Structures are given as C-alpha cells and as structure tokens.
Amino acid sequence: MTKKTVLCSKHVATMGGEHPYGMVEDGAIAIEGSQIVWVGRQAEIPGAYAGSQRIDYGSRLITPALIDAHTHVVFGGNRAVEFEMRLNGATYEEIARAGGGILSTVNGTRAASEEDLLREALPRVDALLAEGVSCIEVKSGYGLDAETELRMLRAARRIALERPVRIKTSFLGAHAVPPEYAARSDAYIDEVCIPALRAAHAEGLVDAVDGFCEGIAFDPDQIERVFAVAKELGLPVKLHAEQLSNLGGAKLAASYGALSADHIEYLDAEGVAAMAAAGTVAVLLPGAFYTLHETQMPPVDLLRQQKVPMALATDCNPGSSPLTSLLLTMNMGCTLFRMTPEEALAGVTRVAARALGLDDTGIIAAGMRADLAVWDVTHPAELSYRIGFNPLHERLFGGQK
Ligand code: DI6
Ligand code: FE
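So, how was this worked out
Residues numbered from 1 in each chain as written. Chains lettered and ligands numbered in written order. Predicted model: local features only at pLDDT ≥ 70, side-chain atom pairs only at ≥ 80, totals over all residues. Heavy atoms only, no water. Near = heavy atom within 4 Å. Polar contact = N/O pair within 3.5 Å; in protein donor to acceptor, adjacent residues only side chain to side chain. Areas by Shrake-Rupley, 256 points an atom, 1.4 Å probe, with all protein chains shown as cover. Nonpolar A, V, L, I, M, F, W, Y, C, P; charged D, E, K, R; others polar. Axes fitted to C-alpha atoms, helices over the stretch in contact; angles between N-to-C directions. Helix = DSSP H or I, 4+ residues; strand = E, 2+ residues; numbered from the N terminus. Parallel < 35°, antiparallel > 145°, perpendicular 65-115°, else oblique. Left-handed = near helix turned anticlockwise from the far one by under 90°. Contact = heavy atoms within 4.5 Å. Donors = N, O, S within 2.8 Å, 3.2 Å for Na, K, Ca; no water. Tetrahedral: all angles 85-135°; square planar, octahedral: opposite > 155°, others 65-115°. Buried < 20%, exposed > 50% of the residue type's maximum accessible area, 1.4 Å probe, protein only. Core = buried A, V, L, I, M, F, W, Y, C linked by side-chain atoms within 4.5 Å. Expected span 1.5 Å × (residues − 1). Arc of directions from axis to C-beta.

So, on to the site of ligand 1. Around ligand 1, a shell composed of 14 residues is seen, among which R79, Y92, Y142, H175 and S320 lie nearest. Within the side chain of D315, an N or O atom sits 3.0 Å from an oxygen atom of ligand 1. Taken by itself ligand 1 offers 320 Å² of open surface, and the protein chains cover 100% of this. Class assignment of the residues belonging to the shell around ligand 1 gives a composition of 4 nonpolar, 8 polar and 2 charged.

This next bit is on the packing of helix α4 (residues 114-129) against helix α5 (residues 146-162). Two elements in contact, α4 and α5, have axes separated by 9 Å at closest approach and are oriented at 50°. When the axis of α4 is compared with that of α5, the two are oblique. Between α4 and α5 lies a crossing whose hand is right-handed. Every residue of α5 that contacts α4 at E114, E115, L117, L118, A121, L122 and V125 is listed here: R151, M152, R154, A155, R158, I159 and E162. When the residues that make up the contact of α4 with α5 are grouped by side-chain class, the tally is 8 nonpolar, no polar and 6 charged.

Expected angles at a metal are 109.5 degrees for tetrahedral coordination by four donors and either 90 or 180 degrees for octahedral coordination by six donors. For the iron ion (ligand 2), the protein coordination sphere consists of H70 (NE2), H72 (NE2), H240 (NE2) and D315 (OD), at 2.1 to 2.3 Å. In this structure, the iron ion (ligand 2) is coordinated by 4 donor atoms arranged in irregular fashion, with angles at the metal of 82 to 166°. Positions of the donor residues of the iron ion (ligand 2) along the chain correspond to the pattern H-x1-H-x167-H-x74-D. You can see H240 sitting in strand β10 (residues 238-241) and its partner D315 sitting in the loop between β13 (310-312) and α12 (326-335), a full 75 residues away along the chain. The exposure class assigned to D315 is buried, which follows from its relative accessible area of 1%.

Looking now at the nonpolar core. Counting residues in each nonpolar core, the largest one holds 114 residues, and the members touching the most others are V74, I136, I159, L284, L303 and W375. For this core, the leading source of residues is helix α6 (residues 185-202), giving 9 residues. Among all residues touching I159, those that are not within four sequence positions of it are V73, V74, L118, A121, L122, V125, V165 and I167. By size, the runner-up hydrophobic cluster in this structure holds 14 residues, among which are L7, I62, I364 and M368.

Relative to the 20 Å expected for 14 residues at 1.5 Å per residue, helix α7 (residues 220-233) spans 20 Å between its end C-alpha atoms, a close match to the ideal helical length. For α7, the complete set of buried residues consists of Q222, I223, V226, F227, V229 and A230. Here the buried residues of α7 occupy an arc of 155° about the axis, which is enough to place them on one side. With respect to the buried face of α7, the exposed residues turned more than 90 degrees away are D221, K231 and E232. Looking at the buried side of α7, the elements it contacts are β8 (166-174), α6, β9 (208-213), β10 and α8 (249-255). For α7, the capping residue at the N-terminal end is D219, with a side-chain oxygen 3.1 Å from the backbone nitrogen of D221. Just downstream of α7 lies G234, where phi reads positive at about 75°.

A few words on the side chain of T280. Here T280 is to be found in the loop between α9 (269-278) and β12 (281-284). Taking the relative accessible area as the measure of exposure, T280 reaches 0% and is therefore buried. A distance of 2.9 Å separates a polar side-chain atom of T280 from the backbone oxygen of A258. Beyond its immediate chain neighbours, meaning those up to four positions away, T280 contacts A254, G257, A258, L259, S260, A261, M275, V308 and P309.

So this is what it looks like as structure tokens:
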C-alpha cells in the first residue's frame, strides 16, 4: 500500500479555483505516493486520511512548486566580456552581427563534451531548485550542427537523472545561423536544422520545437518550414517572437497552435488577438528585458484584456539573461512589467505548466503531482515583493523531500 501523508499549513495557495491565489486557509493536502489525493480545510479532512502521518507546517505558506518554462541552462562558457562591451557602448545586435553573441556560446558549446555541459549546467539548476523549482524547460540552440544539438539535449535530459527535477526539452536548431552557413540561412534550415530535428526526435530527445524569429536570426518563412516538420512529427511548437522587432512571429506560432510565444515586447494587437484565439501562452522574460536595457514593454494590458495567459520565466542564458532566480524574475515581472503578484505566481506555476503542455502540475488539486513549495512567508505577495531573498523552507518533488 502506498504511504499516505497529510500536510497541514495555515495558508495553502492552490492557484486553482475562484478565490485569489486559490487560497485555502487552515489548509490540508493529502498525498499518496507521488500524487495529491485531496485538498481542503483541516477541519474537513476525510476519515480515510485520519490515521495518516501528519506534517504540520504551522503558519507557513504552501504553493505549487515553481516551474521555469523557458531556459537555456545547458551551454558552454560565459559572456561576461560581452556584458562589459555592451556597457562600453556596443549593442546586443552589433555584437551578434560581428560574430559574438549567440555564436560565441556556440563555440564554447561545440568545444564542450556532454559531461562538461552537464557539469556546467548543474550549479545553475541547483540555484533554481533551491527556490522551490520542480520543473525546468531546457532548449538546445547553441550547437547549430546536428551532433552538438543532440549532445545538448542529451545533457539536458541527464539533469533529471542527477537531480530531483523534471526536465522538458525544446529543440531550438533555428536559433542563429552558424558561421559555416553565413549568408546561407535557407540552406542551414534545410541541410542542418531540419535533419537535426528529425534525428533528435528519432532519439526521443524532443518535447517541443522552438525557433528565434528575428532580424538577427530567422524570418517567418524559415521558421514555418521548421514548424511544418514539427507538425508532421506530432511535436508542439513555441517561438522566440517579437523580442527586438515585430516580424509577425507570434501570429505564425499561433497559426500552428503554439504552446507559447515568448519575449513579445514588440507584439502588436493583431498578434495578441491571434494568440488569444489559439490559446497560446505569453511567456514574459523580464531578465532579458532588464539585461538588454530594453524600453519597449510587452503589451501586458492587452494580453490581460484578451485573456492571454501570462507565464514568467528566467530565460537563463549566457547572453541576454544570465539569471538563475525565478523569485527575482517574479519581482521583475511585477516591477518592470506591472504584473500583479498573483499574476506573477500564476506565471511560474499554473500558466508555466500550460506553456509546457503539462496538465499534472502547476496547481494544488487532487490528481496532480505532489510538487510543492513550503515558504517561510504568510502572504503569497511576499514571494514577488522581496528582492534577492529566498524564503523557501522545503520543496517536495513527487511527494519526496
Ligand atoms: N533570445 C534570447 O533572449 C536568447 N535567445 C534568444 O533567441 C539569448 C541567447 C543568447 O544571447 O545567448
Ligand atoms: Fe530564450
């Protein structure tokens, strides 16, 4: 018989239901094995769980464990020197066009073994787990040749063997044009990106297909060729869209029923409407906005009005967002993008799950995985309010400490 446990706490933010934060006061969560089997008030615990082991967390807050729905945590090297160059006046796009930027990380990643990539990623992963994260999306996209793209994805999948965390992988072969295909981006898509996607899928390494639709990367026609193959393979798509300019990427992604369109600072009303109609999640990435001194805000009011769900993620990468704190990301979502603390918490739980196509995590409800975070705070707004403080008391992953 699987072990039953009842967790009790003064505040349980289920992030489901009608109340703000789905709050249950004097709450209890019954867990059997790795699953939540019942949630409600302590006064109403069903008889079936009366004799179970109880853990009393006192006046603390329990939330769903956090989900980082957009990261590039697997890569080789770092770009501190470019950070310095940007502060001496160079722009992100100038550095990219001069062969730095994403391509400098491509060099570092091609030179790294699978072991190196895993070893370098783990400290970043550990920083996220220490803040109550239970699930991390990880993209390829710094290999830009079939061998290195697959190596990145294998390293990403191995994170889940080294740490108690769920990993979802996205194939991002259409991230940048590698030097050997300079000025031949169409040939890169047909000769490298698409065959690498097929090979990665054949090896079972791909959960979703992503792309970078931008002047310094790929145009909508090129992205569409990759999406057509994703569709043929039965893989969901998502897209880095409208980060630095508006090329209509979000609209294209929505036309493929994308799980998410990410960044979207330059998204217009037409793009918002297309996302709303397709049920595509907006993944907002304030770490990149902050790092690049961006001034164009994502259209948060319009997204809200059109009921496009908003997720928040770190975009952890060595160039535009060397960020490994989802709590700081929540604070930035509130202060830079004027999201509410409730939207920020939904954005790293319920909505983040949806951006990854997951329906068994992100809220606290019967039938969901027991992925939970217990915090030394009494009100959920405290999670977004503080800057650089980690109040995590305990994280449960599939019911395990
Ligand atoms: N947009 C981003 O913010 C990351 N990738 C992308 O398409 C940045 C990647 C990098 O600069 O290394
Ligand atoms: Fe990204």
